[in-house]
Amino acid sequence: MKRLPDAELEVMKALWAAGDDVPRSALDAGLTPFGWAPNTVNTYLSRLADKGFVRVRRAGRENRYAPLVGREEYLAFDSRAVLDRLYGSPRNFVAALAREGLSRDELDELRALVDQLERGKGR
């Protein structure tokens, strides 16, 4: 899997929000704030299909679209890619956050997350 450019990621977000096997009009509604021309959206959808992120199915006179990569799956991949590229390790990331100052509530949330992750691995 590769990281998506910002515009293609916005198209994927609209698709994830719209659901599975949706017509183009459902996607356009989620992309209205960007003001993209229809041909621009077509280009992004074609690129996403070529990359294996989107399935395109012809239904009569319209295309219907479905995500082939789930939102959570992509976010996990993208988060790890950013972490590796910018920080090298989770420890370095948390250290960078700590330098900027973490509140007591944020530290408690991190502790709870680590505890939850440890319990999950002990199964």
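On to the overall build of the chain, then. Helix and strand content of the chain: 6 helices and 3 strands. When the helices and strands of the chain are listed from N to C terminus, the series reads α-β-α-α-β-β-α-α-α. For the chain, the C-alpha radius of gyration of 19 Å lies well beyond 14 Å, the compact-globule estimate for 123 residues. Each of the three principal axes of the chain carries a C-alpha extent, and together these read 55 × 35 × 25 Å. The buried share of the chain, taken over its 123 residues, is 24%. Here the contacts in the chain between residues at least 6 apart in sequence split such that 57% fall between residues at least 24 apart. Each charge sign in the chain was given a centre, from 21 positive and 19 negative side chains, and these centres are 4 Å apart.

Examined against the element boundaries, Val94 turns out to sit in helix α5 (residues 90–100). As for Val94 and Val41, which are separated by 53 residues in sequence, their C-alpha atoms are 37 Å apart.

Quick look at the nonpolar core now. Ranked by internal contacts, the top residues of the largest apolar core, which has 20 residues, are Met12 and Phe53. Only α1 (6–18), α2 (24–31) and α3 (38–50) provide two or more residues apiece to this core. It is α1 that contributes the most residues to this core, 7 residues altogether. Ignoring any residue separated from it by four or fewer positions in sequence, one finds Phe53 in contact with Met1, Lys2, Leu4, Met12, Leu48, Ala66, Pro67, Leu68, Val69 and Tyr74.

Taking 1.5 Å of rise per residue, 16 residues should cover 22 Å, and helix α4 (residues 71–86) covers 22 Å from first to last C-alpha, within 8% of that figure. By the burial criterion, the buried members of α4 are Tyr74, Asp78, Ala81 and Leu83. Tucked into the core, α4 has its buried residues touching α1 and α5. Downstream of α4 by a residue or two, Gly88 has a phi angle that is positive, lying close to 85°.

Nonpolar side chains collect at one region of the surface, where Phe93, Val94, Leu97, Leu107, Leu110, Leu113 and Leu117 lie side by side and expose about 510 Å² of accessible area between them. Looking at the nonpolar patch, the elements that each hand over two or more residues are α5 and α6 (104–121). The element best represented in the nonpolar patch is α6, accounting for 4 residues.

For any two helices packed against each other, the geometry is given by the interaxial angle and the distance between the axes. The interhelical angle for the contact between α1 and α3, taken along N-to-C directions, is 85°, at an axis separation of 10 Å. The angle between α1 and α3 places the two elements in the roughly perpendicular class. In this structure, α1 contributes Ala7, Glu8, Val11 and Met12 to the contact, and α3 contributes Tyr44, Leu45, Arg47 and Leu48. Here the contact of α1 with α3 is composed, by residue class, of 6 nonpolar, no polar and 2 charged.

Cut-offs and rules
Residues numbered from 1 in each chain as written. Predicted model: local features only at pLDDT ≥ 70, side-chain atom pairs only at ≥ 80, totals over all residues. Heavy atoms only, no water. Helix = DSSP H or I, 4+ residues; strand = E, 2+ residues; numbered from the N terminus. Rg over C-alpha atoms; globule rule 2.2 N^0.38 Å. Buried < 20%, exposed > 50% of the residue type's maximum accessible area, 1.4 Å probe, protein only. Contact = heavy atoms within 4.5 Å. Lys, Arg positive; Asp, Glu negative; His and termini not counted. Charge placed at Lys NZ, Arg CZ, Asp CG, Glu CD. Core = buried A, V, L, I, M, F, W, Y, C linked by side-chain atoms within 4.5 Å. Expected span 1.5 Å × (residues − 1). Patch = residues over 30% accessible without salt bridge, like charges linked within 9 Å, V, L, I, M, F, W, Y side chains within 5 Å. Areas by Shrake-Rupley, 256 points an atom, 1.4 Å probe, with all protein chains shown as cover. Salt bridge = Lys/Arg side-chain N within 4 Å of Asp/Glu carboxyl O. Axes fitted to C-alpha atoms, helices over the stretch in contact; angles between N-to-C directions. Parallel < 35°, antiparallel > 145°, perpendicular 65-115°, else oblique. Nonpolar A, V, L, I, M, F, W, Y, C, P; charged D, E, K, R; others polar.

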